[in-house]
Amino acid sequence: MNEMTRPMVCNPVILGPVDDRGAAARVLGRIAELGLQKNAWEIDTFGYTVLTPDQVAPAGFTDGLRDHILDEAAKVSGERPSLDSGTQDSPFLTFLGRTQFLPEILFTDRAFEQAMMNDNILALVTYMLGESCLMTAMNAVVKGPGPEYLPLHVDTPEPSPLPPYATTANVTWLLTDYDKANGGTFFLPGSNRWYRAPMYPESIDLEPVVTPEVPAGSVLIWHGNVWHGAWPRTTPGVRVSLLTYFARYYIRDQRDDAVGHYSERVTDEMLARNPERFAVLAGKKRGDVCDEQHRRTSMFA
Ligand SMILES: O=C(O)CCC(=O)C(=O)O
Ligand SMILES: [Fe+2]
């Protein structure tokens, strides 16, 4: 069928070459510019990748995040968790296991805004979710010893079958060492390409999982479709992490109405001291209907 006989009934956006207003060139160009091709390939192939400490922040930055989280944990519970002692089962229990969960952490120190705006992380998140994506949650998590593990699951909120592209991504700053005994995260590499969540018997079959052994200061990034979970911590002390979640722009943020959504909570001061992208990530700046039309034609817009 040539141009003349093609029926003119479809959306005009798809008649010509895709016009993504340069999104693909910008997003893929940024991956190349920052040397993140291997990380992008690992996300596509295995469903997750690790950024090494020198890929994310100057020395000392992540120690600062960790100490700040321990201070905040102490304000909530009255006791500062010890990094390396304390073999008693942690008194805190959430859906993530024996964890103290701090959903207000973004508002406690500018360093958390800097973590959110990290260049290498945002380049990989944008590669998965497009330039219009949102940060849907940031929670500090302090995990102590206890018997519970987190079964395999996906982070994508849709029912299965899942879209073959990412609609959510998880960026976890590891502020203490991660491995099996420390209660680290495990993965089923390549399960991001199965496009479905595990059934219950699959979710508790941990025999085939892989557990990254990664030092404090690294960042684990995963595709929302990859099957993953976490081991119980069996060593003394605590695992400290900063869990951040990102999603395509049409997905609602994960925050409770009670704590308030980022679009309502970020202050003018926070917006003023950050790059423009911060407002987009916080859901303050969504674009217009034209932007939405372009997003329907491009993974990266
Ligand atoms: O705590 C962990 O290691 C995994 C947490 C998790 O599955 C998540 O944040 O989606
Ligand atoms: Fe998860």
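Bear in mind the structure is a predicted one, so any value in this text is a computation, not a measurement.

This part takes up the overall build of the chain. Secondary structure summary: the chain contains 11 helices and 9 strands in total. Taking 301 residues into account, the globule formula puts the C-alpha radius of gyration at 19 Å, and the chain, at 20 Å, falls close to it. If one aligns the C-alpha atoms of the chain with their principal axes, the spans along those axes are about 75 × 45 × 40 Å. With 301 residues in all, the chain has 36% of them scored as buried.

Helix α6 (residues 119–129) packs onto helix α1 (residues 23–33) with a crossing angle of 140° between their chain directions and a minimal axis gap of 9 Å. For the pair α1 and α6, the crossing hand works out as left-handed. For the pair α1 and α6, contact is made by V27, R30 and I31 and by A123, T126 and Y127, respectively. Looking at the contact of α1 with α6, its residues break down into 4 nonpolar, 1 polar and 1 charged.

The next point concerns the site of ligand 1. Around ligand 1 sit L96, L150, D155, N170, T185, H228, A230 and L243, and those are all the residues in its vicinity. Of the residues contributing to the shell around ligand 1, the split by class is 4 nonpolar, 3 polar and 1 charged.

Moving on: the packing of helix α2 (residues 37–46) against α6. What describes two packed helices is the angle between their axes and the distance between those same axes. It is the contact of α2 with α6, at a shortest axis distance of 11 Å, that shows an interaxial angle of 40°. If you check the angle between α2 and α6, you find them oblique. Relative to α6, α2 is oriented so that their crossing is right-handed. Residue-level inspection shows N39, A40 and I43 of α2 in contact with α6, the latter providing L124, Y127 and M128. Split by residue class, the contact of α2 with α6 holds 5 nonpolar, 1 polar and no charged.

Spatially, the 6 strands line up as an open sheet ordered β1-β7-β5-β9-β3-β2, and their pairing is antiparallel. This sheet does not close on itself; its edge strands, each paired only once, are β1 (48–51) and β2 (99–102). Strand-to-strand twist of the sheet, defined as the mean angle between neighbouring strand axes without regard to direction, takes the value 20°. Sheet analysis places strand β3 (residues 134–143) next to strand β9 (residues 239–247), joined by 9 bridges and oriented antiparallel. Residue pairing for β9: M135 is matched across the bridge by F246. Helix-sheet contacts for helix α4 (residues 61–77) involve β2, β3, β5 (168–174) and β9, and the interaxial angle to β2 is about 95°. Each of β1, β5, β7 (219–223) and β9 is contacted by α6, which is oriented at about 160° to β5, the strand it contacts most.

Basis of the calculations
Residues numbered from 1 in each chain as written. Chains lettered and ligands numbered in written order. Predicted model: local features only at pLDDT ≥ 70, side-chain atom pairs only at ≥ 80, totals over all residues. Helix = DSSP H or I, 4+ residues; strand = E, 2+ residues; numbered from the N terminus. Rg over C-alpha atoms; globule rule 2.2 N^0.38 Å. Buried ≥ 20, exposed ≤ 12 C-beta atoms within 10 Å, placed from the backbone. Axes fitted to C-alpha atoms, helices over the stretch in contact; angles between N-to-C directions. Left-handed = near helix turned anticlockwise from the far one by under 90°. Contact = placed C-beta atoms within 7 Å. Nonpolar A, V, L, I, M, F, W, Y, C, P; charged D, E, K, R; others polar. Near = placed C-beta within 6 Å. Parallel < 35°, antiparallel > 145°, perpendicular 65-115°, else oblique. Pairing = 2+ DSSP bridges.

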